[in-house]
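One-letter residues, chain by chain:
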Amino acid sequence: MKRILLIKIFIFSLTTLLLVACNKEWLKPKPLSFYEPGVALSDAQGMYSAITACERNMRHEYFGDAAPAITEIIQSEVAVEGTTDKAGPQMNMDISLLPDAQLNHNDYTKVGWYWYEGYKGIKYANLVIARINDATFKDENEKNAVLGAAYFHRAYRYFKLTHQFGDVPYIADEINEPKYDFYSYDRWSILEQMKKDMEFAYQWVPEKVDRGRTSKSACGVLLMKICMSLADFDRAITVGKEIVTLHPLMKNRFTVNATKPNTNLMFDLHSVEAKLDMSNTEGLMYVVSYPLVDGSDRIQTMRNAVPFWNSGAIITPDGRTGTSVDLAANETDLSLNLNKAYGRGIGRLRSTWYFTNEIWRADKEANDTRGILNKDSWRKMTDLRYNHPSLKSGNNPWYAKNFVKPAAMSVEDTIRAWYSWPHYKVFVPDPTQSGNWAGGETPWYIYRSAEVYLMLAECYYWKNDPAEAAINLNEVRTRAGASPLTASDVNIGEILDERARELYYEENRHIELVRIAYIYAKTKKPCEIFGGRVYQLENISGPGGTNSNVKQMGVNFWYDRVVSKSNFYNKGLRHRWAEYKVSVHHLLWPVPANAINTNLKGVINQNIGYPGAEKNVTPLKVE
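For clarity, every value in this text was computed on a predicted model and none was experimentally measured.

A. Main features of the pairing of strand β6 (residues 444-448). Most of β6 is tucked away: 5 of the 5 residues are buried. Bridge count for strand β4 (residues 283-287) against β6 is 4 bridges, and the pairing is antiparallel. Counterpart to glycine 283 in the pairing with β6 is arginine 448.

B. How the structure looks around the environment of tryptophan 353. In this structure, tryptophan 353 sits in helix α15 (residues 353-358). For tryptophan 353, a relative accessible area of 52% gives the class exposed. Separated by 215 residues in the primary sequence, tryptophan 353 and phenylalanine 568 have C-alpha atoms spaced 9.0 Å apart. If near-sequence neighbours (up to four positions away) are discounted, tryptophan 353 is found in contact with Glu358 and Asn567.

C. Main features of the nonpolar core. Tyr158, Tyr447, Ile492 and Phe557 are the most contacted members of the largest nonpolar core, which totals 184 residues. Among all residues touching tyrosine 447, those that are not within four sequence positions of it are Phe152, Tyr156, Ala218, Val221, Leu222, Lys225, Glu282, Gly283, Leu284 and Met285.

D. Region of interest: helix α9 (residues 216-229). Taking 1.5 Å per residue as the helical rise, α9 with its 14 residues ought to reach 20 Å, and the 20 Å between its terminal C-alpha atoms agrees with that figure. For α9, a buried count of 13 out of 14 residues is recorded, marking the element as mostly surrounded by other parts of the structure. At the exit of α9 stands alanine 231, carrying a positive phi of roughly 65 degrees.

E. The packing of helix α19 (residues 449-462) against helix α22 (residues 509-523), seen in detail. Where α19 contacts α22, the axes come no closer than 13 Å and their chain directions differ by 20 degrees. Relative to α22, α19 is oriented roughly parallel. For the pair α19 and α22, the crossing hand works out as right-handed. Residues Glu451, Glu458, Tyr461 and Trp462 of α19 pack against Glu512, Arg515, Ile516, Ile519, Tyr520 and Thr523 of α22.

F. Just the packing of aromatic side chains, in detail. Evaluated as defined, the whole model comprises 31 aromatic pairs. With 6.0 Å between their ring centres and 90 degrees between their planes, tyrosine 342 and tryptophan 421 make a pair best called edge-to-face. Highlighted residues: tyrosine 342 in helix α14 (residues 338-342) and tryptophan 421 in the loop between α17 (411-417) and α18 (423-426), separated in sequence by 79 residues. Among the residues examined, tryptophan 421 registers a relative accessible area of 1% and is labelled buried. Ring centres 5.2 Å apart and planes at 40 degrees place the aromatic pair tyrosine 520 and phenylalanine 557 in the tilted group.

G. Main features of the state of the cysteines. The final tally for this structure, using the stated rule, is 0 disulfides. As a non-bridged cysteine, cysteine 219 has cysteine 54 as the owner of its nearest cysteine sulfur, 13 Å distant. What makes cysteine 219 buried here is its relative accessible area of 0%.

H. Summary view of the pattern of salt bridges. Under the counting rule described, the total for this entry stands at 52 salt bridges. Between aspartate 497 and arginine 561 there is a salt bridge, with its nearest N and O atoms 2.9 Å apart. With aspartate 497 in helix α21 (residues 492-503) and arginine 561 in helix α23 (residues 557-565), this residue pair connects regions lying 64 residues apart in the sequence. The exposure class assigned to arginine 561 is buried, which follows from its relative accessible area of 1%. Measuring nitrogen to oxygen at the nearest pair gives 2.8 Å for the salt bridge that ties arginine 515 to glutamate 512. Of the two residues, arginine 515 and glutamate 512 both sit in helix α22, 3 residues apart, roughly one turn of that helix. One exposure class covers both arginine 515 and glutamate 512, and it is buried.

Parameters and conventions
Residues numbered from 1 in each chain as written. Predicted model: local features only at pLDDT ≥ 70, side-chain atom pairs only at ≥ 80, totals over all residues. Heavy atoms only, no water. Buried < 20%, exposed > 50% of the residue type's maximum accessible area, 1.4 Å probe, protein only. Helix = DSSP H or I, 4+ residues; strand = E, 2+ residues; numbered from the N terminus. Pairing = 2+ DSSP bridges. Contact = heavy atoms within 4.5 Å. Core = buried A, V, L, I, M, F, W, Y, C linked by side-chain atoms within 4.5 Å. Expected span 1.5 Å × (residues − 1). Axes fitted to C-alpha atoms, helices over the stretch in contact; angles between N-to-C directions. Parallel < 35°, antiparallel > 145°, perpendicular 65-115°, else oblique. Left-handed = near helix turned anticlockwise from the far one by under 90°. Phe/Tyr/Trp six-rings, centres within 6.5 Å; stacked < 30°, edge-to-face > 60°. Disulfide = S-S within 2.5 Å. Salt bridge = Lys/Arg side-chain N within 4 Å of Asp/Glu carboxyl O.

As far as function goes, none of this settles anything; it's purely spatial.
Below is the structure:
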């Protein structure tokens, strides 16, 4: 069996290396601080080397233990922090999200990561933008393609920052010396500038690029998001239609896993092989990490998202320890190897009832291959089987039987060790590891055509055209086997439910909810899922002041959506370390205190609801 595994790894590695041989060198770290910019940025190759720093920075958001992307999911209605064995993790946001709290740590939150790494990416992009006229190019097309790619990476960061932190410093130039006089800029004016930049990028960046590079369609997706944020839905629709014409959904099985039992098209689409397959028309933007290639990283999706089945909380009905990473020495049934069948999770990203059950309806998603009603795609704890070697050696009748939830399981263990998860989405083989399988090396989708269809549906929703919205929703739904929707089914909740079904562990869920919250406040469109409620831009983060932990429906859509759908936040759910709480002002995150305190000659505003906001000044506008 071991020999067969080694052969499979070798074949897979050889195939991978053939696919990516021309790309693997740029995975190796080459810090920009080593550059002599006048030399390194003298031509297109040098410029793209600088842009590579931006692309690697994108990968870090999704990869590793406690990946920053998890913070984005936790600050939504889809999941919560599940590590219940200590104080500190982001559960009670009234405590965790303070400007001087630990904002960039695996055991707390990664809110601060987005601030500091966002501006790091902007710095790298500005280096290229500022020096574009000093380099030599073969023609104007090449120059504009490089400039467009740099614009993409700057706009990619500013889109995140303006939806996570609101009004933020706007930096358009290269900075060569310490600077202490930053000022916050109005988020709307930043987005308007990013829209102009992305129109340029969408015109000039080529469509066909190496995997992991910025493509024209990737620029188009970001342009759509910015246009939607600014309520320019017509332009977003035009761009979206162009993208899906060039990049149709994958509707037929297309990888070497096509004949693998207990799999389906969704397994294909989210497998390592699919993300390496150049015939995959659906992937628009990837971050890359190739199996067995130097410079790659492990995504660790299984460690983050799979329940902590090996915590000791899983005991047999007769009180014996039920699970082990290692199998009994004489065990021949390899399906009992929970570590390699599912990954050795720690339950960090704990799914909510909304995500695991509510959005999977027996009448509409009965045949949906993405959902919990599909036994191949999802796993419940009762699908797993007791495998501890002591059970086998002691001839315990529960050995190899399915888990039964312990009647006396604690709140902490129920949160962390007993929930369902989308196995097809987070399972990434980890053959380089002899011990715990946490999630291996793989490219990862940043943008796919499926999301474009869902954005098109949302644009038509804002334009009061539910029939067209339903058509675009159904492109994604019917591909997965779900029943089609009608115009009468369409509302913002249905659109967000579909995003949750399709884009778990891909989308920045918090950002998307915030984006929608601002659109509601900007357009004054009544929100039908909350009784026709109309939101306002004024005081969108609440009143602020000394009593800022306001928990009042109707202030902004983000808060209403999270509190109404999550079965954790503001429900009085607590364990021995914390209670799950959010407040209205957590729509936007706190600007790290260090960023404000070291800015001695300027003013970086703090967001309303956090200490320090009383010192704010009127934000500047991008000219």
